[in-house]
Amino acid sequence: MAFNTLTAQEAAEMINNGETVGLSGFTAPGTPKFITEALAEKATREHEAGRPFKINMFTGASTSDHVDGALSRANAYNMRAPYQNVPDLRKRINAHDCHYFDRHLSEMAQEMRYGTYGEIDWAIIEAADINDKGEIVLGCGVGNVPTYAQIAKHILIELNDKLPKSLLGMHDVYMPLDPPYRREIPIYSPSDRIGSPVLRIDPRKVAGVVRSNALDGVKPFTEPDEVSKQIGSNVVNFLLGELHAGRLPKDFLPLQSGVGNVANAVLNDLGLANDIPTFEMYTEVVQDSVINLIKQGKCRFASTCSLTISDDMMREVFSNMDFFHDKFVIRPSEISNNPEVIRRLGVIAMNTALEADIFGAVNSTHVLGTRMMNGIGGSGDFTRNGYISIFSCPSVSKGGLISNIVPMVAHADHSEHSVDILITDQGVADLRAKDPVQKAETIIENCAHPDYRPLLRDYLRLGKGGQTPHALQAAFAFHTAFAETGDMRNADFSRFA
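Keep in mind that what you see is a predicted model, and the values were worked out from it rather than measured.

1. Quick notes on the overall build of the protein chain
Along the protein chain, the regular secondary structure elements total 17 helices and 25 strands. Computed over the C-alpha atoms, the radius of gyration of the protein chain is 23 Å, within 12% of the 23 Å expected from 2.2 N^0.38 for a compact globule of 497 residues. Its C-alpha atoms put the protein chain at 75 × 60 × 45 Å along the principal axes. Residue pairs at least 24 apart in sequence account for 73% of intrachain contacts in the protein chain once pairs closer than 6 positions are excluded. Per element, the accessible surface of the protein chain, about 19100 Å² overall, is 49% carbon and sulfur. The positive charge centre, built from 47 side chains, and the negative charge centre, built from 61, are 1 Å apart in the protein chain.

2. Comments concerning the pairing of strand E4 (residues 77-81)
A large share of E4 lies buried, amounting to four of its five residues. Relative to E4, strand E3 (residues 55-58) runs parallel, the two sharing four bridges. Considered in E4, the bridge of asparagine 56 is made with methionine 79. In this region the chain leaves E3, passes through helix H3 (residues 65-73) and returns to the parallel neighbour E4; the handedness of that crossover is right-handed. Pairing analysis gives two bridges linking E4 to strand E5 (residues 99-100), with the strands arranged parallel. Note that in E5 the partner of arginine 80 across the bridge is tyrosine 100. In this fold, the crossover linking E4 to E5 by way of helix H4 (residues 87-94) has right-handed handedness.

3. A short note on the packing of aromatic side chains
The final tally for this structure, using the stated rule, is nine aromatic pairs. Taking the centre distance of 4.8 Å and the plane angle of 80 degrees together, the rings of phenylalanine 323 and phenylalanine 324 count as edge-to-face. Overall, the relative accessible area of 36% leaves phenylalanine 323 in the partly exposed class. Phenylalanine 324 gets classed as buried once you look at its relative accessible area, which sits at 2%. On the basis of an interplanar angle of 50 degrees and a centroid distance of 5.5 Å, the ring pair of tyrosine 452 and phenylalanine 478 is categorised as tilted. With tyrosine 452 in the loop between helix H15 (436-446) and helix H16 (453-462) and phenylalanine 478 in helix H17 (residues 477-485), this pair connects stretches of sequence that are 26 residues apart.

4. What to know about H15
Within H15, burial applies to Pro436, Lys439, Ala440, Thr442, Ile443 and Ile444. Along its buried surface, H15 packs onto strand E16 (355-357), strand E23 (405-406), strand E24 (421-423), strand E25 (428-430) and H16. For H15, the N-terminal cap is aspartate 435; the gap from its side-chain oxygen to the backbone nitrogen of valine 437 is 3.1 Å.

5. Re the environment of glutamate 107
One can find glutamate 107 in the loop between E5 and helix H5 (108-114). The sequence separation of glutamate 107 and valine 209 amounts to 102 residues, and the corresponding C-alpha distance is 30 Å. Side chain to side chain, glutamate 107 and arginine 103 meet in a polar contact 2.6 Å long.

6. What about the pattern of salt bridges?
A full pass over the atoms with the stated rule returns 33 salt bridges. Salt-bridge contacts for glutamate 340 lead to arginine 344; the nearest nitrogen and oxygen are separated by 2.6 Å. Here glutamate 340 pairs with arginine 344, and both are found in helix H13 (residues 339-345), just four residues apart, close to one helical turn. Since its relative accessible area comes to 28%, glutamate 340 is described here as partly exposed. Classification of arginine 344 as partly exposed rests on a relative accessible area of 33%. Salt-bridge contacts for arginine 489 lead to aspartate 451; the nearest nitrogen and oxygen are separated by 3.4 Å. Of this pair, arginine 489 sits in the segment after H17 while aspartate 451 sits in the loop between H15 and H16, and the two are 38 residues apart along the sequence. Through salt bridges with shared partners, a single ionic network connects Arg113, Asp178, Arg182 and Glu334.

7. A look at the packing of H3 against H4
Packing of H3 against H4 leaves a shortest axis separation of 7 Å and a crossing angle of 45 degrees. Classed by the angle they form, the pair H3 and H4 counts as oblique. For H3 against H4, the interelement crossing comes out left-handed. Judged by residue contacts, Asp65, Asp68, Gly69, Ser72 and Arg73 of H3 engage Asp88, Leu89 and Arg92 from H4.

8. Quick look at unusual backbone geometry
Of note, the amide linkage connecting alanine 81 to proline 82 takes the cis form, showing an omega dihedral of 5 degrees. Locating proline 82 in the fold gives a position in the loop between E4 and H4. The residue after proline 179, namely proline 180, is reached through a cis peptide bond having omega 10 degrees. Note on placement: proline 180 falls in the loop between strand E8 (154-160) and strand E9 (199-200). Phi is positive for threonine 27, which is not a glycine, with a value near 60 degrees. Looking at where threonine 27 falls in the secondary structure, it is placed in the loop between strand E2 (20-23) and helix H2 (34-48). For threonine 27, a relative accessible area of 10% gives the class buried. For phenylalanine 252, which is not a glycine, the phi torsion comes out positive at approximately 75 degrees. As for its position among the elements, phenylalanine 252 is in the loop between helix H7 (226-244) and strand E11 (255-257).

About the thresholds
Residues numbered from 1 in each chain as written. Predicted model: local features only at pLDDT ≥ 70, side-chain atom pairs only at ≥ 80, totals over all residues. Heavy atoms only, no water. Helix = DSSP H or I, 4+ residues; strand = E, 2+ residues; numbered from the N terminus. Rg over C-alpha atoms; globule rule 2.2 N^0.38 Å. Contact = heavy atoms within 4.5 Å. Areas by Shrake-Rupley, 256 points an atom, 1.4 Å probe, with all protein chains shown as cover. Lys, Arg positive; Asp, Glu negative; His and termini not counted. Charge placed at Lys NZ, Arg CZ, Asp CG, Glu CD. Buried < 20%, exposed > 50% of the residue type's maximum accessible area, 1.4 Å probe, protein only. Pairing = 2+ DSSP bridges. Right-handed = clockwise from strand over helix to strand, strands pointing away. Phe/Tyr/Trp six-rings, centres within 6.5 Å; stacked < 30°, edge-to-face > 60°. Polar contact = N/O pair within 3.5 Å; in protein donor to acceptor, adjacent residues only side chain to side chain. Salt bridge = Lys/Arg side-chain N within 4 Å of Asp/Glu carboxyl O. Axes fitted to C-alpha atoms, helices over the stretch in contact; angles between N-to-C directions. Parallel < 35°, antiparallel > 145°, perpendicular 65-115°, else oblique. Left-handed = near helix turned anticlockwise from the far one by under 90°.

Here is the structure:
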């Protein structure tokens, strides 16, 4: 059947106040661009006319300024989930102008199918190609769109002329059955394919097609600074130690890596480490550094949910599709982040923390315990199921005014039961087979900045017994000192003695 061709403005006019929208994509790649910007313009007009206009938005993960930026500036969100990283949206969330709830990314799609979050009125899908039978070649990110497309009442397609039709074959679209009919997910190697190269939708639900022509706008990460380089070196040295000790198989294991400069520094160092064998990745996001590892022959294959690469790197990939076509597979997030598969494959999980406490708990979402930064993302999916679970962060921030190793995390995303290894620029704390006090001593000695080690030891001495000897009256003295003086080094534990 032939689909109606619409302008972005015509498509936006179909979406009404209070409705729920599900988007394709995972991070910026694969997310729509023109329709969401037109929707923001509509929200602004409605507000200026004195009429309410807010929607509920579900995605795969974060999006881009085309989505979360434009719609947040227009104050067009009532509710948003499951992950975000755009400053304009972050301001709305922390001001309670937008109801945001943070979910493990592997759980979002199945919870939508279970009916946890109600109905989806619209699915908006970015496509590289579509035929009359409703077979869509998706863009460079999949996310939760197989579920959103299945349960949505109506579908809008954004056909992006910047995406080559040669993306056909890069995707593996698979949706498991829901309980009690679910079977095992038959992935036994990162390169296994178990689904379809296209997303199949009901063409009768398509309200129209909008043409677009924009790349994702992902900027390359800055070159790693000295702290990031040191963290990267410490991670690689730890993995080499595990390899030489026989705790990793000699042909290595698949890697997962979070996003950001520290993650890129780690991957860059892995590429330079001659003793690390060639490896595969089973991860949620592929960044520029992974493309370089593939070109070097260090990474043989990458299973991902999104090619979150810079526009320049994207152009390079698109112009060399014959080379890259068998080096990737792009999956839905409930598969890329699936606990069953992560545990089966023995994935080495590498994620970043905002802060960690001396007993091994990690805060990865809330600055100083209150202000949402981005969200938990997929870190929990991999951390709780990885062969080895590594968290890394700088030992200090803001020139030393903040210690990222604290007595007690001000917001807990990952308990000490999930964190095997903690790594900072100062060193490595192996927390395995240690009781809480042994963990604390190891973290203070190996991961805390020298300026904060005496203070952290003072705190540990305050503990009045119990297996985990927190001194609750002093647990947030670092955070309180920063709030009152702007410097955590001013924490005074003597008054609690």
